[in-house]
Amino acid sequence: MESHIEITPEININEAYQKLIHPKSGGICTFIGTVRDLNNSKDVSHLFFEAYEKMAILKMEELAEEAGKKWPLNKIVMVHAIGEKQITDPVVFIGVSSAHRDASFRASRYLIDRLKEVVPIWKKETYQDHSSWINAHP
Amino acid sequence: MKIHAFGAAKDITGAALIDFPVEETFVKVKDLKSLLYQKYPDLIKLPSLAISVNLFYASEETLVNKHDEVALIPPVSGG
């Protein structure tokens, strides 16, 4: 199983997808998290992402390794954006490729759920009049 | 001891990297947190505050020395 882990100011969706292509894969499952305009009924103007990069990469590598032990996977790609992000921008890309779809679906769900729980990345929401760090991972 | 701070914790400490005086050579994470809470009382208001040591989440009993890479990890919110 090969994995590609990255933290970058700009996610290139096509490049991330290309890294999932594998001759033994019959299915590729991708999840893309994007910035939405409303949170807790407040209008969001934009988001800012900060990462503890060295640790975030290490944690994502650990998660990829865990997923590779749980399911028969060929490739894993995990990319997270940092910096200022506008509404509709992609902020996280999770991709898994495997021989059959079940492993890809399960592993991609596992990876995004665990990323939100343990990977040291923080989101600050800016509204019309103020901004605040989000201290939760719903 | 140099301590990295992120997100809401960085706003409270006022800097991404703080130089925090610790007298003993080794200090337990729980004692380091008590010292930090004394200097920065607003850290107590965070829903949680994890400490990482050399890029791994540490337990309350983990021993830290001044050469370790230590960071304050408020609740994460990536994705």
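Note that the structure is a prediction, hence the values are computed from the model and not measured.

Q: Can you walk me through unusual backbone geometry in this structure?
A: Only a minority of non-glycine residues have a phi that is not negative, and only a minority of peptide bonds are not trans. Residue and element names in this part refer to chain B. For asparagine 54, which is not a glycine, the phi torsion comes out positive at approximately 50 degrees. Of the residues examined, asparagine 54 has 14 C-beta atoms within 10 Å and is grouped as partly exposed. If you check the backbone angles, leucine 55 has positive phi at about 75 degrees while not being a glycine. Structurally, the position occupied by leucine 55 is in the loop between β4 (50-53) and β5 (56-57). The exposure class assigned to leucine 55 is partly exposed, which follows from the 15 C-beta atoms found within 10 Å.

Q: It is not clear to me how helix α2 (residues 29-39) of chain B should be interpreted in this structure. Could you clarify?
A: An α-helix turns once every 3.6 residues. As a result, residues three or four positions apart point the same way. Residues and elements named next belong to chain B. Every buried residue belonging to α2 is among Val29, Leu32 and Leu36, and all of these are buried. The arc enclosing the buried residues of α2, seen along the axis, measures out at 60 degrees, which places them on a common side. Of the residues in α2, the exposed ones pointing more than 90 degrees away from the buried face are Ser34 and Gln38. Close packing links the buried residues of α2 with β3 (26-28), β4 and β6 (63-65).

Q: What is the right way to look at the interface of chain B and chain A in this model?
A: It is common to give the size of an interface as the accessible area lost on bringing the parts into contact. Facing the 16 residues of chain B at the interface are 22 residues of chain A. Contributing elements (two or more residues each) for the side of chain B that touches chain A: α1 (7-13) and β7 (70-73) of chain B. Looking at the side of chain B that touches chain A residue by residue, the class counts come to 10 nonpolar, six polar and no charged.

Q: What is the right way to look at the sheet that holds β7 of chain B in this model?
A: Residue and element names in this part refer to chain B. Here we have five strands laid out as an open sheet, ordered β2-β1-β7-β4-β5, and mixed in their pairing. Since the sheet does not close on itself, it has two edges, and those belong to β2 (17-19) and β5, each with one partner. In this sheet, β2 lies alongside strand β1 (residues 2-5) in antiparallel orientation, the contact comprising three bridges. Considered in β2, the bridge of isoleucine 3 is made with isoleucine 18.

Q: Help me out: how do you make sense of the pairing of β7 of chain B in this one?
A: Two faces, one strand: in a regular strand the side chains alternate between the faces of the sheet. Residues and elements named next belong to chain B. Every second residue of β7 is oriented toward a common face, with Val70 and Leu72 on one face and Ala71 and Ile73 on the other, all of them buried. Here three bridges tie β1 to β7, and the two strands are oriented parallel to one another. Within the sheet, the bridge partner assigned to alanine 5 lies in β7 and is leucine 72. Across four bridges, the pairing between β4 and β7 is antiparallel. When the bridges of β7 are listed, alanine 50 appears paired with isoleucine 73.

Definitions and limits used
Residues numbered from 1 in each chain as written. Chains lettered and ligands numbered in written order. Predicted model: local features only at pLDDT ≥ 70, side-chain atom pairs only at ≥ 80, totals over all residues. Buried ≥ 20, exposed ≤ 12 C-beta atoms within 10 Å, placed from the backbone. Helix = DSSP H or I, 4+ residues; strand = E, 2+ residues; numbered from the N terminus. Arc of directions from axis to C-beta. Contact = placed C-beta atoms within 7 Å. Nonpolar A, V, L, I, M, F, W, Y, C, P; charged D, E, K, R; others polar. Pairing = 2+ DSSP bridges.

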